[in-house]
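Residue-level listing of the chains:
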Amino acid sequence: MKVGVPKEIKTHEYRVGLTPGAVREYVSAGHDVAVETNAGAGIGATDDNYRKAGATILGSGREVFASSEMIVKVKEPQPSEWEQLRESQILFTYLHLAPDPEQAKGLLRSGCTAIAYETVTDAHGGLPLLAPMSEVAGRLAIEAAGAALKRDAGGRGLLIGGVPGVPPAQIVVIGGGVVGTHAARMAVGLGASVTIVDRSIPRLRELDELFGGRVHTRFSTIDTVEEEVFAADVVVGAVLVPGAGAPKLVSRGMLSGMRKGSVIVDVAIDQGGCFETSHATTHADPTYEVDGVIHYCVANMPGAVPLTSSHALNNATLPFGLALAKKGFSAVLENPHLRAGLNVYRGRLTHRAVAESLGLPFSAIEQAGI
């Protein structure tokens, strides 16, 4: 198969869909790989590195889209990219369609087959292609919170870990999944006082055992969320409903009860955010303030550490990508986990949660004429 890797064009996105090592795997399996010039610059991978791995270097993203049967990216296609997609192509990348109706309509119009990393599943019910970026984002959330808490950034002027004789920051993590667990790990490591709020009692038990009592766990109710948010210096939104828009768990009204200069980090912003006052920001302008509360809502947080992120992502996506390159769409029909990743097929939405979030018709792949 002819596999294409365009350079990411989202603001301050430095990751790359395939590393040179991954390209070598594709080429060794008999596939042709075309990489846009400088696509790997953000991770220090030169065009020569890609040539040595067996790739062909093309001068523009347009050439990559035009010559490839499968496009492998990191972030969702931007308008200039979805206009280049066509019916015969497979797109394999993060999509996050639930809060993005324009992208969804663009992909539907293109007629392409779009498989979203974030809804591919595994045998344990996990999301193996979302997990590595969730790990990165969870850890970065605490770094971002620490920066935003500084007085010159508009924060309270608080050190996360405190010092002897001065208490540490109170950090509340809403959601005990992969993002929440890694955010808590970083916060505990810095010496913060950490509470994790989740709706799953079994998960709260697991977290209590995992952290050996070093974090507080609370069952999520409206009262609990309100109490913890009001007492917090940092609130990390780490809620995920696979494929669907994130639920709004912290209302605008709650902000008035929060400490001035406290910080919200909404890691769920890719799926619309779990704070009512959240809107997506970029690494170029990452924060804004509402009612005295600093909001950090960067929609591609792992893009800030592209070397770590690209390799972690490629480790996870490689076997799925190779299966698609070998068998094309047949791999989706044969593999239930890739099938779960199918969001768009030839003008139809084929993921129920995505369709319901967008208020658009859902078509099971059987109904889509496959």
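Look a little higher up for the structure.
Quick summary incoming for the structure in this document. Bear in mind that the values here come from a model prediction, so they are computed numbers and not experimental data.

Our next topic: the overall build of the protein. Broken down by element type, the protein carries 14 helices and 15 strands. Here the protein has a C-alpha radius of gyration of 21 Å; the compact-globule value for 370 residues is 21 Å, and the two agree. Dimensions of the protein, computed from the C-alpha atoms along their principal axes, are close to 60 × 45 × 35 Å. Here the protein holds 370 residues, and the buried ones make up 55% of them. In the protein, the share of contacts with a sequence separation of at least 24, taken over all contacts with a separation of at least 6, comes to 62%. When the 33 positive and 38 negative side-chain charges of the protein are each reduced to one mean point, those points stand 2 Å apart.

Inspection of the entire model under this criterion finds three aromatic pairs. Ring centres of Tyr94 and Tyr117 lie 4.8 Å apart, and the angle between their planes is 85 degrees; on these two criteria the pair is classed as edge-to-face. Taken as a pair, Tyr94 in the loop between β5 (90-93) and α5 (101-110) and Tyr117 in the loop between β6 (113-116) and α6 (131-148) lie far apart in primary sequence, 23 residues in all. Residue classification places Tyr94 among the buried positions, given a relative accessible area of 3%. The buried category is assigned to Tyr117, whose relative accessible area is 0%.

When the charged atoms of two side chains lie near each other, side chains of opposite charge can form a pair. Scanning the model with the defined rule gives 14 salt bridges in all. Among the salt bridges present, the one from Glu13 reaches Arg15, with a minimum N-O distance of 2.8 Å. A residue is classified by how much of its surface remains accessible, and Glu13, at 5% relative accessible area, is buried. Relative accessible area serves as the criterion here: at 2%, Arg15 is assigned to the buried category.

This brings us to a nonpolar patch on the surface. On the surface, Leu159, Val163 and Val166 cluster together into a nonpolar patch covering about 270 Å² of accessible area. When you line up the elements, Leu159 lands in the loop between α6 and β7 (170-174).

Strand order in this open sheet of seven strands is β9-β8-β7-β10-β11-β13-β12, and the pairing throughout is mixed. This sheet does not close on itself; its edge strands, each paired only once, are β9 (216-219) and β12 (287-290). In this sheet, adjacent strand axes meet at a mean angle of 20 degrees when their direction is disregarded. Bridging between β7 and strand β10 (residues 234-237) involves four bridges; their strand directions are parallel. Note that in β10 the partner of Ile171 across the bridge is Val234. Against the sheet, helix α8 (residues 201-211) engages β8 (193-198) and β9, with an angle of about 175 degrees to β9.

Taken in spatial order, the eight strands line up as β3-β2-β1-β4-β5-β6-β14-β15 in an open sheet, and their pairing is mixed. What marks the edges here is a single partner per strand, and that holds for β3 (56-58) and β15 (348-349). Two strands pair when backbone bridges link them, and β5 and β6 are joined in this way by four bridges, in the parallel orientation. Of the residues in β6, the one forming a bridge with Thr93 is Ala116. Docked against the sheet, helix α1 (residues 20-28) engages β1 (2-5), β2 (32-36) and β4 (70-72), running at close to 150 degrees with respect to β2.

Non-glycine residue Asn38 carries a positive phi angle of around 70 degrees. Locating Asn38 in the fold gives a position in the loop between β2 and α2 (47-53). The class for Asn38 is partly exposed, based on a relative accessible area of 42%. In the Ramachandran plot, Arg346 falls in the positive-phi region, its phi being about 45 degrees despite a non-glycine side chain. Mapped onto the elements of the fold, Arg346 is located in the loop between β14 (342-345) and β15. Under the relative-accessibility criterion, Arg346 is labelled partly exposed at 46%.

Relative to the elements of secondary structure, Glu228 occurs in helix α9 (residues 222-231). Taking relative accessible area as the criterion, Glu228 reaches 13% and is therefore assigned buried. For Glu228, the residues in contact, after removing those within four places along its chain, are Val172, Thr195, Val197 and Arg218.

A few words on the state of the cysteines. Tallied over the full model, the rule gives zero disulfides. As a non-bridged cysteine, Cys274 has Cys297 as the owner of its nearest cysteine sulfur, 9.1 Å distant.

What counts and how
The numbers attached to residues start from 1 for each chain and follow its sequence in the written order. pLDDT decides what is reported in this predicted model: residues at 70 or higher carry local features, side-chain atom pairs at 80 or more are listed and counted, and totals for whole chains, interfaces and linings draw on all residues regardless. To obtain the side-chain values, all non-hydrogen atoms of the structure were used and water was disregarded. Elements are defined by DSSP. Helices are runs of H or I of four residues or more, strands are runs of E of two residues or more, and each kind is numbered from the N terminus. Radius of gyration here is computed from C-alpha atoms only, and the compact-globule reference equals 2.2 Å multiplied by the residue count raised to the power 0.38. Only protein chains enter the area calculation, which uses a 1.4 Å probe; residues under 20% of their type maximum are buried, those over 50% are exposed, and those in between are partly exposed. Two residues form a contact once any of their heavy atoms are found within 4.5 Å. Residues counted as positive are Lys and Arg, residues counted as negative are Asp and Glu, and His and the chain ends are not counted. Positions of charges follow a simple convention, taking NZ of Lys, CZ of Arg, CG of Asp or CD of Glu. Paired rings are identified among Phe, Tyr and Trp, the last through its six-membered ring, by centres lying within 6.5 Å, and are further divided according to the angle between planes into stacked (under 30 degrees), edge-to-face (over 60) and tilted (the rest). The salt bridge criterion pairs a side-chain nitrogen of Lys or Arg with a carboxyl oxygen of Asp or Glu, the two atoms within 4 Å. Patches here: salt-bridge-free residues with over 30% relative accessible area, like charges joined within 9 Å, nonpolar side chains (Val, Leu, Ile, Met, Phe, Trp, Tyr) joined within 5 Å. We get accessible surface area from the Shrake-Rupley algorithm with a probe of 1.4 Å; when it comes to residues, only the shown protein chains can shield them. Note on pairing: two strands pair once DSSP finds at least 2 bridges between them. As a rule, the C-alpha atoms of each element are fitted with a line to give its axis, helices using only the stretch in contact, and angles between N-to-C directions run from 0 to 180 degrees. When two cysteine sulfur atoms lie within 2.5 Å, the pair is treated as a disulfide.

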